[in-house]
Amino acid sequence: MSSPSIVNLACPVPLGSGDTVLLGHGSGGKLSADLMRDLFLPALGNPVLTRLNDQAVVPVGESRIAISTDSFVVKPLFFRGGDIGSLSVHGTVNDLAVGGAAPLYLSAAFLIEEGFSMESLRRIVASMRRAADASGVIVVTGDTKVVERGKGDGLFINTTGIGLISSDIELSADRAQPGDVILLSGSIGEHGIAILAEREGLEFESTIESDSAPLNGLCAAMLRASTAMRCMRDLTRGGLASALNEIAAQSHVGIELLESAIPVREEVRGACEMLGLDPLYVANEGKLIAIAAPDAAEDLLLAMRSHPQGAQAAVIGRVTASLPGLVTMKTPLGTARIVDMLAGDQLPRIC
Amino acid sequence: MCLAIPGRVLEVEEVGELRSGKVQFGGIVRTVRLDFVPEAVTGDYVLVHVGFAISRVDEQEAARTYELLQAMGALAEELGPGEDPTPDRRPS
Amino acid sequence: MKYLDEYRDGAIARALAAEIASLATRPWVLMEICGGQTHTIMRYGIDELLPRGIELVHGPGCPVCVTPLETIDKAIALAMRPDVTLVSYGDMLRVPGSHSDLLRAKAQGADVRIAYSPTEALKVARANPQRNVVFLAIGFETTAPANAMAAWEARREGLTNFTMLVSHVLVPPAIRALLASPQNRIQGFIAPGHVCTVVGYQEYEDLSREFNLPMVVGGFEPVDLLESILMLVKQLEAGKACVENQYARSVTYAGNLPAQRILAEVFEVADQKWRGIGEISQSGLKFREEYAPFDANRVFDLDLIATEEPAECISALVLQGLRKPTDCPAFGVRCTPEAPLGAPMVSAEGACAAYYHYRRHKECE
């Protein structure tokens, strides 16, 4: 057998230090985090931004306002359990809610490609109205731009939300402490699989619906039940694993999960097994995690399970002092594995 | 390599020379090619790789060997779940 | 999920580990050949359950990892052509070529699509007659029959816009090359259960006899692997060297005959280059002459770009089981999943990626 040739020495500079933006930079995983750290923070950094929470809390006069913004680029635009419209409302409402704010107002900006179906637009906006009503928010301002055919991907929506947050609430991803418990509001992976089920190339018949839903009601119930929560986070792209890794990093703590405690529906499991995906990394749009002091667990769990968005809530792990920044998981065999941050989106595999 | 998972055949369809079927994996259903398992019928379990069944699960064989494994597992549990069954195992 | 969950049972796994510990009287070096088996071992921490003396070495059974650099470069070159739609299994998208990878090519505007099955690549071709659809068809003997069916259907239908860039590798010649090496330390093999599902295990009996080594055809779940290791240890302790079938619920001695038939009809054995190892004679598959119109290698004029393997990547030694990923000075430092130097760090079941994702913290302690 020949050994690797040293005749054609290649520059060992890794391909990762690229000069173009990749899809992975938007996937909510490691590349996104790198982009934030290496490009956005150095240019824009300030004490509020650096906390890297889903929402920013700023003082305005005597009050505290929470602001959050999100852009929605989902494909396909319509899927089981929702569409880009309802997603864009729920997403921003949830970002505000997990910060402890009561969401009040949204702005909605539309970037529409020339030639987009008027009927589809009508359906999407109607869906936004229903989602806003269900969430208790109103869309108070907006913007519409149309780009030339070929320059946009059908439709992009950005929503920005504002909410009021009471002065005694201090939820932040850097507040987790060793000994804290981790609560999950329900089963994971449904949104990601619902989207995959409709994408050409990965077809399967599935009854999985996206779990896209407003979480402000659940958050309010949890805040009433306990004042001992350190932070809440809604799970989106990058899944449960990414959210926990971010918290572990920002709080400089370790996180230990129990695999058998994490609820996953049979349909999601089937799809993940078939495509070689790990449910921990699959997108969600109606689930949250909460980190809380250990004696608050019982009250919180009761409050969550009494709410329709938290019926399957469970304690899934705890925060530790060992291996700070690392998320690990105990497997059904009793052994441990790392739950790493992924570089980009998980890709289906055949091997 | 070779991610292949077991699924249950719900129905079989023959279109000309090609054989396919609906196979259920956990909670999802997908059309799978059954060209390599002409003996598989509705109710059988097949192992599926890249959308093709590569074998029909020998359920009798599986049951036979699994019974032995289960007995092993049950015995080990009886000895006490808290005990470390591998006393000189490498440190974790 | 039936025939999956039962083989992840913790009590059975621990019982098997205990049995292995009680039987092993001396150290043994075993190799699991298949990348999927490596993935399970890492993901479930199976090596943590084994007694100290049992060493698991990870074999070259990762078709993604061993796809020749030239093939990746060719795929990227084809994808960059404006008339080409390149369809690939997801695994291949991040594998580094000499200068780029398919995902980056996609970022630069190439029409690259993922398929779970070759039938989907055919669908793309039928739905887009104005595009030249190239399917990157990689795999071991497990995947080759499905890839073969795609070519067979395309030929039967007379599709004129569908070709395949093929890179199929065969396992037994690789094992032979490993065993023939003077540096070989492997005393027993877990043979790849899904490959054997297709081809049977007669070739493994030949190898076992020739080199006097025990082999067990193993499955992919934790219980399968632990049972396979137990069977190997029993043989080794008794001084036996034969082939046993742990994965009997799927594998038969003769294998899958319809699958073998389509393989013989579409492909023939050829010499093949293995990334990180070099050329192994008669270790690959290429299209038969009558399938030339579907062979992307022949249909497209592909000027070979000079292929350059990063000098620091020791995947050659890792793939041969001579080094662990953690022995590599670049591991986790200059070579990470986001910035891989070689294929075993990219492929989900490459040894380096598996170590990085599941077990890195061992080095932190």
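Note that the coordinates shown come from a computational prediction; the quantities given were computed from them, not determined experimentally.

## Re the overall build of chain B
Per the secondary structure count, chain B includes one helix and five strands. If you list the helices and strands of chain B from N to C, you get β-β-β-β-β-α. Counting only residues that meet the buried cut, chain B has 45% of its 92 residues in that class. A fraction of 28% describes how many contacts in chain B between residues 6 or more apart in sequence connect residues 24 or more apart.

## Observations concerning the interface of chain C and chain B
Counting residues at the interface gives 48 residues for chain C, matched by 39 residues for chain B. Listed by contribution, the elements that provide at least two residues to the side of chain C that touches chain B are helix H1 (10-23), helix H2 (35-44), helix H3 (46-49), helix H7 (118-127), helix H8 (144-157), helix H10 (193-199) and helix H13 (257-266) of chain C.

## Points about the sheet that holds strand S10 (residues 267-274) of chain C
Residue and element names in this part refer to chain C. On the basis of which strands lie adjacent, the open sheet formed by six strands has the order S4-S3-S5-S6-S11-S10 and mixed pairing. At either margin of the open sheet sits one strand with a lone partner, and together these are strand S4 (111-114) and S10. Along the sheet, successive strands turn relative to each other by an average axial angle of 25°, direction set aside. With respect to the sheet, H8 is in contact with strand S5 (132-139), strand S6 (162-169), S10 and strand S11 (278-287), its orientation differing from that of S6 by roughly 155°. Taken strand by strand, helix H9 (residues 171-180) contacts S10 and S11, and its axis lies near 175° from that of S11.

## Quick notes on the interface of chain A and chain B
Every contact between the two is made by 16 residues of chain A and, on the other side, 12 residues of chain B. No other element matches the seven residues that helix H8 (residues 266-275) of chain A contributes to the side of chain A that touches chain B. Here the side of chain A that touches chain B is built from residues that sort into six nonpolar, three polar and seven charged.

## Digging into the environment of Ser 166 of chain A
For Ser 166 of chain A, the position within the fold is in the loop between strand S7 (155-164) and strand S8 (181-184). Sequence separation of Ser 166 of chain A and Arg 64 of chain A is 102 residues, and the distance between their C-alpha atoms is 6.7 Å.

## A short note on the confidence of the model for chain B
All names here are of chain B. In the predicted model, chain B carries a mean pLDDT of 87, and the fraction of residues at 70 or more is 85%. Of all the helices and strands in chain B, helix H1 (residues 59-78) carries the lowest mean pLDDT, 90, while strand S5 (residues 52-56) carries the highest, 98. Across residues 83-92, where pLDDT falls below 50, the model places 21 contacts with residues more than four positions away in sequence or in other chains.

## Considering the sheet that holds strand S6 (residues 138-147) of chain A
Residues and elements named next belong to chain A. Reading across from one edge, S1-S2-S7-S5-S6 is the order of the five strands in this open sheet, with mixed pairing throughout. This sheet does not close on itself; its edge strands, each paired only once, are strand S1 (56-60) and S6. Strand-to-strand, the axes of this sheet are offset by a mean angle of 20°, without reference to chain direction.

## Considerations on H8 of chain A
Burial runs high along H8 of chain A: eight of the 10 residues are buried. Those residues of H8 of chain A lying buried are Glu 267, Val 268, Arg 269, Gly 270, Ala 271, Cys 272, Met 274 and Leu 275 of chain A. As for H8 of chain A, its buried residues are in contact with helix H5 (190-198) of chain A together with strand S1 (5-15), strand S2 (18-25) and strand S3 (28-33) of chain B. Once H8 of chain A finishes, Gly 276 of chain A follows within two positions and takes phi at roughly 70°, a positive value.

## What about the pairing of strand S3 (residues 84-88) of chain C?
Residues and elements named next belong to chain C. Burial analysis of S3 places five of its five residues in the buried class, the great majority of the element. Here S3 shows two buried faces, one formed by Val 84, Leu 86 and Ser 88 and the other by Thr 85 and Val 87. Note that S3 and S5 share five bridges and pair parallel. Paired with Ser 88 across the two strands is Leu 136, which belongs to S5. Across four bridges, the pairing between S3 and S4 is parallel. Within S4, the residue paired with Thr 85 across the bridge is Asp 111.

## Observations regarding the domain arrangement of chain A
How big an interface is tends to be reported as the loss of accessible area on association of its parts. Residues and elements named next belong to chain A. For chain A, the assigned domains are domain 1 (54-164) and domain 2 (181-338). Summarising the inter-unit geometry, the C-alpha centres of domain 1 and domain 2 are found 23 Å apart. Listed by partner, the interface residues are 22 residues for domain 1 and 21 residues for domain 2. Looking at the side of domain 1 that touches domain 2, the elements with two or more residues in it are helix H3 (84-97), strand S5 (102-113) and helix H4 (118-135). Take the side of domain 1 that touches domain 2: its biggest share by element is eight residues, from H3. When grouped by side-chain class, the residues that make up the side of domain 1 that touches domain 2 number 10 nonpolar, nine polar and three charged.

## Some points on helix H12 (residues 222-237) of chain C
All names here are of chain C. End to end, H12 covers 22 Å across 16 residues, agreeing with the expected 22 Å (1.5 Å per residue, within 8%). Burial runs high along H12: 14 of the 16 residues are buried. Within two residues after H12, Gly 239 carries a phi angle of roughly 70°, on the positive side.

## Quick look at unusual backbone geometry
With an omega of 5°, the peptide bond between Lys 75 of chain A and Pro 76 of chain A qualifies as cis. The residue Tyr 3 of chain C is not glycine, and still its phi comes out positive at about 65°. Mapped onto the fold, Tyr 3 of chain C is located in the segment before H1.

## Side note on the environment of Leu 244 of chain A
Residue and element names in this part refer to chain A. Counting through the fold element by element, Leu 244 comes out in helix H7 (residues 239-251). Among the residues examined, Leu 244 registers 28 C-beta atoms within 10 Å and is labelled buried. Remark: the alpha-carbon pair of Leu 244 and Ala 173, spanning 71 residues in sequence, is separated by 9.5 Å. Look past the residues within four positions of Leu 244 in its chain and what remains in contact with it is Ile 255, Ile 289 and Val 327.

## Some points on the environment of Ser 210 of chain A
Residue and element names in this part refer to chain A. Within the secondary structure, Ser 210 sits in the loop between H5 and helix H6 (216-225). Once the C-alpha coordinates of Ser 210 and Gln 312 are considered, the two residues, 102 residues apart in sequence, prove to be 16 Å apart. With residues near it in sequence (within four places) discarded, Ser 210 still touches Phe 79, Arg 80, Gly 81, Gly 82, Glu 190, His 191, Ala 194 and Glu 285.

The rules behind the values
Residues numbered from 1 in each chain as written. Chains lettered and ligands numbered in written order. Predicted model: local features only at pLDDT ≥ 70, side-chain atom pairs only at ≥ 80, totals over all residues. Helix = DSSP H or I, 4+ residues; strand = E, 2+ residues; numbered from the N terminus. Buried ≥ 20, exposed ≤ 12 C-beta atoms within 10 Å, placed from the backbone. Contact = placed C-beta atoms within 7 Å. Pairing = 2+ DSSP bridges. Axes fitted to C-alpha atoms, helices over the stretch in contact; angles between N-to-C directions. Nonpolar A, V, L, I, M, F, W, Y, C, P; charged D, E, K, R; others polar. pLDDT = per-residue confidence, 0-100. Domains from an automatic or database assignment. Expected span 1.5 Å × (residues − 1).

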